[in-house]
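Fold and geometry: a report
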Amino acid sequence: MFYLSLIEHTLRLPPSLLSLPLQDAIKKELENIFLDKVIASLGLCISVYDIRKIEGGFIFPGDGASTYVVEFRMVIFRPFVGEIIAGKLKESNKDGLRLSLGFFDDIYIPAHRLPKPSSYEHDQENRYQVIWTWEYDSEDNNKFYIDGLDEIKFRVDSVDYPPVPIEQPEKPFAPMVITISDFAEQMSLRGIKFRTKEPPQAIIKAADGSLSL
């Protein structure tokens, strides 16, 4: 999920940072440039891990800033295909669910990948969203509402880097999008566990109210 990537960057160090020690000033400017940004085919920049090499320090005519060539290592978030991750519900609509990891919010579960049988109803408190329901016991009409209170485990199907649009889209642009293939082999929801390929035939309710297979 997290990687160390070696990056070389030509950095213009603004005069406002020259009062700091050189390495601290360069790290601060690298963080301003890279943190929370997506590098195509590399991933989401999380943190500057260390600075390996600093060269240059040239001041070009008419510019009060010094320019350096910096080699550094960056902590990158890039899940691999098949990886199992746990996230929280961010929002939902008729097309499926959108999950968040806290620092990354563009994880999508298409509606056809939800546990079956599932259906949705319109959210009375938010007309732009729906509430998905999984009917885990059709005989007793027992339902589980996917309402954001529980952690959802899923398997990564693809990691895409859409091209930057020329015109500003109506919705915020997501430079990195993660789509899942299915839920993990087991997903735990308030004590309910199930397998997507082999749905449970019976769910036992204990005396304390918890459910198990």
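Look above for the structure.
The shown structure was predicted, so the numbers you read here are calculated from the model rather than taken from an experiment. (Residues numbered from 1 in each chain as written. Predicted model: local features only at pLDDT ≥ 70, side-chain atom pairs only at ≥ 80, totals over all residues. Heavy atoms only, no water.)

A tally of regular secondary structure across the chain gives one helix and 16 strands. The burial tally for the chain puts 36% of its 213 residues in the buried class. Taking contacts inside the chain between residues at least 6 apart in sequence as the whole, the part at least 24 apart equals 56%. For the chain, the computed accessible surface area is about 13200 Å², with 50% contributed by carbon and sulfur atoms. (Helix = DSSP H or I, 4+ residues; strand = E, 2+ residues; numbered from the N terminus. Buried < 20%, exposed > 50% of the residue type's maximum accessible area, 1.4 Å probe, protein only. Contact = heavy atoms within 4.5 Å. Areas by Shrake-Rupley, 256 points an atom, 1.4 Å probe, with all protein chains shown as cover.)

Counting residues in hydrophobic clusters, the biggest one holds 24 residues, and the most contacted among them are L97, L99 and I107. Elements that contribute at least two residues to this core include exactly β5 (84-93), β6 (96-100), β7 (107-110), β9 (130-137), β10 (142-146), β11 (151-160) and β12 (177-183). With near-sequence residues (within four places) excluded, I107 lies in contact with L97, R98, L99, L101, F154, I178 and I180. Residues L17, I26, F34 and C45 belong to the second largest nonpolar core, which totals 16 residues. (Core = buried A, V, L, I, M, F, W, Y, C linked by side-chain atoms within 4.5 Å.)

Strand order in the open sheet formed by four strands is β1-β4-β3-β2, with antiparallel pairing between adjacent strands. Pairing within the sheet leaves two strands with one partner each, and these edge strands are β1 (2-13) and β2 (38-39). Pairing analysis gives 12 bridges linking strand β3 (residues 43-59) to strand β4 (residues 66-77), with the strands arranged antiparallel. Bridge assignment links L44 to a residue of β4, and that residue is F77. On top of the sheet, helix α1 (residues 22-34) reaches β1, β2, β3 and β4; it is set at about 105 degrees to β1, its chief contact. (Pairing = 2+ DSSP bridges. Axes fitted to C-alpha atoms, helices over the stretch in contact; angles between N-to-C directions.)

Moving on: the environment of D106. Its place among the elements puts D106 in the loop between β6 and β7. The class for D106 is buried, based on a relative accessible area of 14%. Between the alpha carbons of D106 and M176 there is a distance of 7.2 Å; along the sequence they are 70 residues apart.

In this section: the pattern of salt bridges. Evaluated as defined, the whole model comprises seven salt bridges. In this structure, the salt-bridge partner of D105 is K90, at a minimum N-O distance of 3.7 Å. Note that D105 is positioned in the loop between β6 and β7 and K90 in strand β5, a separation of 15 residues in sequence. Among the residues examined, D105 registers a relative accessible area of 23% and is labelled partly exposed. Here D95 ties to K94 by a salt bridge, and the two come within 3.6 Å at their closest N and O atoms. Exposure remark for K94: the relative accessible area of 52% places this residue in the exposed category. Linked by salt bridges that have partners in common, E91, R98 and D106 make up one network. (Salt bridge = Lys/Arg side-chain N within 4 Å of Asp/Glu carboxyl O.)

What follows covers the pairing of β7. Burial along β7 is one-sided: I107 and I109 are buried, while Y108 and P110, pointing the other way, are not. In the sheet, β6 pairs with β7 via four bridges, with the strands oriented antiparallel. Within the sheet, the bridge partner assigned to G96 lies in β7 and is P110. Where β6 folds back on β7, the antiparallel hairpin that results is connected by six residues, among which G102 adopts a positive phi of roughly 100 degrees.

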